[in-house]
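Commentary on secondary and tertiary structure
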Amino acid sequence: MSDRHFDELASRFAEKIYGGAKGAIRLAVLQADLAETLPGRPLRVLDVGAGLGHMALWLAQQGHAVTLAEPAEAMLASARERFAQAGLPATFIQAPWQALPGRLEQPFDLVICHAVLEWLAEPAAILPALHRLTRADGWLSLAFYNKDALIYRNLLKGHLRKLRKAEFAGEKHSLTPQRPLDPRELAAQLATHWQVETQSGVRVFHDYMPREFQARAELVDLLEMELAHRRHPAFAGLGRYLHWICRPRSEPV
């Protein structure tokens, strides 16, 4: 298995991921978490696997200096266009994550890595690179596809045979991630160099709603309830994605 890039699926990615309530909820939770965490001064920000540039553009609109790194040419082109339309500057790098530590000499105040790990052949391999790219007093914003939520959704749908076979990977050309992450395994892998400071669930209830209820619900109400329950002790771990904001440890454990 190799790392998955999205040159051939950029337009479909835009429609499926950000064309409805799912994408709106995802952005709302990530932005709310970062707004609560970041200081009120301009930061140097690196978005690893920046995709279409939604998060990077929001950060640029807050006055931060952003660098977008994305291996897929079509995705990066869409991000460039989005920034051009907004009239905001940014640095664009077409490169996989493996190339970044050698190309970027100075570490960043904030490193964004959203919905990347689940598309990698070896997700844990990126963690040392993210650490090198983050200042000692900086932040890592890490969002990943939650294996616990995938299991729970399959339990609710009665896909018991699929669960017995542990068939969790999406099909080769689908937008279902190829490697959902176990939060406990990831936490153990992070623990050597990172302290997880805040944890939120992204879409803690929306994706479990019957479709007819989803269709009737107003987006403003969905956003309000998702934000209100994103850190609820009983519900946060059910988020289809989990968002962890981490700080580098001063001394490795």
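Position numbers for residues count from 1 along each chain, tracking the sequence in the order it is written. Predicted model: local features are reported for residues with pLDDT of at least 70 only, side-chain atom pairs are reported and counted for 80 or more only, and whole-chain, interface and lining totals are derived from all residues. Remark: hydrogens and water are excluded; side-chain values derive from all non-hydrogen atoms of the structure.

Our next topic: the side chain of aspartate 109. For helices the rule is a DSSP run of H or I covering at least 4 residues; for strands it is a run of E covering at least 2, with both sets numbered from the N terminus onward. Tracing the backbone through its elements, the reader meets aspartate 109 in strand S4 (residues 108–114). When accessible area is computed with a 1.4 Å probe and restricted to protein chains, residues below 20% of their type maximum are described as buried, those above 50% as exposed, and intermediate ones as partly exposed. Classification of aspartate 109 by relative accessible area gives buried; the value is 12%. Contact between two residues is taken to exist if any of their heavy atoms lie within 4.5 Å; hydrogens are not considered. Each residue touching aspartate 109, except ones within four places of it in the same chain, is listed here: Leu43, Arg44, Arg135, Gly138 and Trp139.

Once that is clear, we can look at the pairing of S4. A regular strand places its side chains on the two faces of the sheet in alternate fashion. Burial analysis of S4 places 7 of its 7 residues in the buried class, the great majority of the element. Any two strands with at least two DSSP bridges between them are considered paired. Here strand S1 (residues 44–48) pairs with S4 via 3 bridges, running parallel. The residue of S4 that forms the bridge with valine 45 is leucine 110. Here 6 bridges tie S4 to strand S5 (residues 134–145), and the two strands are oriented parallel to one another. By the bridge assignment for S5, histidine 114 is matched with alanine 143.

Time to look at empty space enclosed by the protein. Rolling a probe over the atoms, with the probe sized like a water molecule, indicates the empty space that remains. Residues are called lining when one of their atoms sits within 4 Å of a cavity or pocket point, these points coming from a 1 Å grid over the protein atoms alone, where a cavity is a set in which a 1.4 Å probe fits but cannot get out and a pocket is an open set with protein on both sides within 12 Å along at least five of seven lines. Grid points are joined across faces, edges and corners, and a volume is the space filled by probe spheres set on the points. One pass over the full model with this rule turns up 2 cavities of 30 Å³ or more. By volume, the second largest cavity amounts to about 30 Å³. Lining the second largest cavity, in full, are Arg26, Leu30, His114, Ala115, Ala143, Val202 and Tyr241. Per-class residue counts for the lining of the second largest cavity are 5 nonpolar, 1 polar and 1 charged. Residues were grouped as follows: Ala, Val, Leu, Ile, Met, Phe, Trp, Tyr, Cys and Pro as nonpolar; Asp, Glu, Lys and Arg as charged; and all remaining residues, including Gly, as polar.

A few words now on the nonpolar core. Counting 29 residues, the largest nonpolar core has Ile126, Leu130 and Leu186 as the members making the most contacts within it. The set of elements that each furnish at least two residues to this core consists of S1, S4, helix H6 (126–133), S5, helix H9 (183–190) and strand S7 (241–248). Setting aside residues up to four positions removed in sequence, leucine 186 forms contacts with Leu117, Leu127, Leu142, Phe144, Leu181 and Trp244. If you look at the next biggest cluster of nonpolar residues, it comprises 24 residues, including Leu57, Ala60, Ala79 and Trp139. Take the buried residues of types Ala, Val, Leu, Ile, Met, Phe, Trp, Tyr and Cys, join any two whose side-chain atoms come within 4.5 Å, and each joined set is a nonpolar core.

Turning to the pattern of salt bridges, a few remarks are in order. Side chains that differ in charge, positive against negative, can pair when their charged atoms come close. For this analysis, a salt bridge means a side-chain nitrogen from Lys or Arg found within 4 Å of a carboxyl oxygen belonging to Asp or Glu. Following the criterion strictly, the structure yields 10 salt bridges and no others. Between arginine 230 and glutamate 36 there is a salt bridge; the shortest N-O distance is 2.9 Å. Pair noted here: arginine 230 is in the loop between helix H11 (219–229) and S7 and glutamate 36 is in helix H2 (residues 21–37), with a separation of 194 residues, a long-range link. As a salt-bridge pair, aspartate 182 and arginine 184 come within 3.3 Å of each other at their nearest N and O atoms.

Another point: the UniProt feature "binding site: S-adenosyl-L-methionine" (unreviewed entry) in the protein. UniProt positions are given in the numbering used here, feature names are shortened, and annotations may be inferred rather than shown by experiment. The positions UniProt marks with the feature "binding site: S-adenosyl-L-methionine" (unreviewed entry) are Arg26, Gly49, Ala50, Glu70 and His114. In the annotated set above, the residues contributing to the lining of the second largest cavity are Arg26 and His114. Mapped onto the secondary structure, arginine 26 falls in helix H2. Judged by relative accessible area, which is 8%, arginine 26 ranks as buried.

A word on helix H3 (residues 54–61). Most of H3 sits inside the fold, with 7 of its 8 residues counted as buried. Among the residues making up H3, those that are buried are His54, Met55, Ala56, Leu57, Trp58, Leu59 and Ala60. Of the residues trailing H3, glycine 63 is marked for its positive phi of about 100 degrees.

In this section: a positive patch on the surface. Residues with no salt bridge and a relative accessible area higher than 30% make up the patches, which join like charges within 9 Å and nonpolar side chains (Val, Leu, Ile, Met, Phe, Trp, Tyr) within 5 Å. Each accessible area is a Shrake-Rupley estimate made with a 1.4 Å probe; only the visible protein chains count as cover when residues are assessed. Counted charges follow a simple rule, with Lys and Arg positive, Asp and Glu negative, and His plus the chain ends left uncounted. Where a charge sits is defined by one atom per residue type, namely NZ (Lys), CZ (Arg), CG (Asp) or CD (Glu). Together, Lys22, Lys157, Lys162 and Arg211 make up a region of like positive charge exposed at the surface. The topology assignment puts lysine 162 in helix H8 (residues 160–164).

Turning to a nonpolar patch on the surface, a few remarks are in order. Taken together, the side chains of Tyr152, Leu155, Leu156 and Leu160 define a hydrophobic patch exposed on the protein surface, amounting to about 360 Å² of accessible area. By relative accessible area, which is 46% here, leucine 155 ends up partly exposed.

Further remarks concern the layout of surface pockets. Of the voids in this model, the second largest pocket is the one considered here, and its volume is about 170 Å³. What lines the second largest pocket is simply Pro123, Ala124, Lys147, Arg179, Pro180, Leu181, Asp182, Glu185, Leu186 and Gln189. The biggest single contributor to the lining of the second largest pocket is H9, with 3 residues. When its residues are assigned to classes, the lining of the second largest pocket shows 5 nonpolar, 1 polar and 4 charged.

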